[in-house]
Amino acid sequence: MRIVYRAENIIDAHLVRNVLEAAGIPAHVGGEYLTGAIGELPVMGLVTVMVAEHDLPAASRLAAEVDAELSERRAADFDLGSEPA
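Residues numbered from 1 in each chain as written. Predicted model: local features only at pLDDT ≥ 70, side-chain atom pairs only at ≥ 80, totals over all residues. Heavy atoms only, no water.

Colleague: Would you mind going over the overall build of the protein chain in detail, with residue names and values included?
Modeller: Within the protein chain, the regular secondary structure consists of three helices and three strands. The N-to-C order of helical and strand elements in the protein chain reads β-α-β-α-β-α. By the burial criterion, 27% of the 85 residues in the protein chain qualify as buried. Considering only residue pairs separated by 6 or more positions, the protein chain has 66% of its internal contacts joining residues 24 or more positions apart. By element, 59% of the accessible surface of the protein chain is carried by carbon and sulfur atoms, the whole surface being about 5,700 Å². (Helix = DSSP H or I, 4+ residues; strand = E, 2+ residues; numbered from the N terminus. Buried < 20%, exposed > 50% of the residue type's maximum accessible area, 1.4 Å probe, protein only. Contact = heavy atoms within 4.5 Å. Areas by Shrake-Rupley, 256 points an atom, 1.4 Å probe, with all protein chains shown as cover.)

See below:
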């Protein structure tokens, strides 16, 4: 299996996995249980989404689309939070 996505958190990883599986690409979330061992300090790069080698091209495109959408939403949430009330 090859890593197709390195998630910021478990929720993002499962979102990507769900999109891949909805497109017919079997995917596995790895490292999700490692984050609980760290404690309250955030650690990046532990949670990954993996697919079979032959699914990598299509999975990479879908994962990039989901990541772009997540980035846009985070930016919009940040912009909304920085506006004066």
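From this point, the discussion proceeds with the structure in view.
Colleague: So what's going on with the nonpolar core? Residues and values would help.
Modeller: With 17 residues, the main nonpolar core has Val4, Tyr5, Val16, Leu20, Val49 and Val51 as its most contacted residues. Only strand E1 (2–7), helix H1 (10–22), strand E2 (27–30), strand E3 (47–51) and helix H3 (56–82) provide two or more residues apiece to this core. In terms of residue count, the dominant contributor to this core is H3 (five residues). With near-sequence residues (within four places) excluded, leucine 20 lies in contact with Val4, Ile25, Ala27, Val49, Val51, Ala59 and Leu62. (Core = buried A, V, L, I, M, F, W, Y, C linked by side-chain atoms within 4.5 Å.)

Colleague: Lay out the pattern of salt bridges in plain terms, naming residues and giving numbers.
Modeller: Tallied over the entire structure, the rule returns five salt bridges. A salt bridge links aspartate 12 to arginine 74; its shortest N-O distance comes to 2.1 Å. Here aspartate 12, found in helix H1, pairs with arginine 74, found in helix H3; they are 62 residues apart in sequence, far enough to count as distant. In this structure arginine 74 comes out as partly exposed when scored by relative accessible area, which is 30%. With a closest N to O distance of 2.9 Å, arginine 73 and glutamate 69 form a salt bridge. Of this pair, arginine 73 and glutamate 69 both sit in helix H3, four residues apart, which is roughly one turn of the helix. When its relative accessible area of 54% is taken as the criterion, arginine 73 is described as exposed. (Salt bridge = Lys/Arg side-chain N within 4 Å of Asp/Glu carboxyl O.)

Colleague: Please provide a residue-by-residue account of the sheet that holds E2, values included.
Modeller: Read from one edge to the other, the open sheet built from three strands follows the order E1-E3-E2, with strand pairing classed as antiparallel. Both outer strands of the open sheet, E1 and E2, are each paired with one neighbouring strand and no more. Across the sheet, the mean angle from the axis of one strand to that of its neighbour is 25 degrees, orientation sign disregarded. Both E1 and E3 contribute to a ladder of five bridges, which runs antiparallel. Paired with isoleucine 3 across the bridge in E3 is methionine 50. The sheet contacts of H1 involve E1, E2 and E3, and relative to E3 the element is tilted by about 15 degrees. (Pairing = 2+ DSSP bridges. Axes fitted to C-alpha atoms, helices over the stretch in contact; angles between N-to-C directions.)

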